[in-house]
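Observations on the model geometry
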Amino acid sequence: MTRPETIEIMQEIEARYPNFSPSNPSKTVDVWLEEFEEFPFEVVLAGVKTFASTDTKGFPPSVGQVKDKIFSLATMNTPNVNEAWDLVQRAIADSTYHAEERFEKLPPLIQKVVGSPTTLRNWGQTDNSTIGTVIYSQFVKTYNSIYEREKEKAKIPRKVMALIENTSSALMIENKESGLH
């Protein structure tokens, strides 16, 4: 998003929320631009409009609230945990000889949860009772955890994420060199 587009977003918010009057409009534009610079204007506008159309409190949205709406819109077609489990169960049923193919057909989020075709194959060799209880509960817990982590990562600006990853990598190198793991 560009600076003029960010100003237009601020005007959209002001039109929907007459009480929106930042004490430092220029700084507000700078912050919103930094947070949304890698987002297309149309996506941010859709997030603002969606927030406003579902808001019942009457307060202008924060950056995080707009990002929540954008993430919700972007993941509308993501299977919920029960739909995801149904896909996994179908993959398990045909995983003895076709684990790789079945794994590749799973959506990326579910692939992260399952981990590998080998896991599918192993689950396919497990008794139904264990699949329906132990594996199911582990899947639900992991799916929800990964979904939430992906949601939070999606909200972090790429420049900040790169800084975090660089810092994390540097710390891991330091720990290896000092013998800490």
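Placed above this text is the structure.
Here is a short report on the structure shown in this document.

What counts, and at which threshold
- Residues numbered from 1 in each chain as written.
- Predicted model: local features only at pLDDT ≥ 70, side-chain atom pairs only at ≥ 80, totals over all residues.
- Heavy atoms only, no water.
- Axes fitted to C-alpha atoms, helices over the stretch in contact; angles between N-to-C directions.
- Helix = DSSP H or I, 4+ residues; strand = E, 2+ residues; numbered from the N terminus.
- Parallel < 35°, antiparallel > 145°, perpendicular 65-115°, else oblique.
- Left-handed = near helix turned anticlockwise from the far one by under 90°.
- Contact = heavy atoms within 4.5 Å.
- Nonpolar A, V, L, I, M, F, W, Y, C, P; charged D, E, K, R; others polar.
- Core = buried A, V, L, I, M, F, W, Y, C linked by side-chain atoms within 4.5 Å.
- Buried < 20%, exposed > 50% of the residue type's maximum accessible area, 1.4 Å probe, protein only.

At a minimum axis separation of 11 Å, helix α2 (residues 25-36) and helix α4 (residues 63-74) run at an interaxial angle of 30°. One element, α2, and the other, α4, form an angle in the roughly parallel class. The handedness of the crossing between α2 and α4 comes out as right-handed. Contacts between α2 and α4 involve Trp32, Glu35 and Phe36 from the former and Val63, Val66, Lys67 and Ile70 from the latter. Its residues assigned to classes, the contact of α2 with α4 shows 5 nonpolar, no polar and 2 charged.

A separate point is the nonpolar core. In terms of nonpolar packing, the biggest core is built from 21 residues, with Val88, Ile110, Val114, Leu120, Phe139 and Tyr143 touching the most fellow members. For this core, the secondary structure elements donating two or more residues are α5 (81-93), α6 (95-105), α7 (108-114), α8 (117-124) and α9 (128-155). When neighbours within four sequence positions are excluded, Ile110 is seen to be in contact with Pro79, Ala84, Leu87, Val88, Phe139 and Tyr143. Residues Met1, Phe20, Phe36 and Leu45 belong to the second largest nonpolar core, which totals 19 residues.

From the geometry alone we can't say anything about function, so treat these as descriptive.
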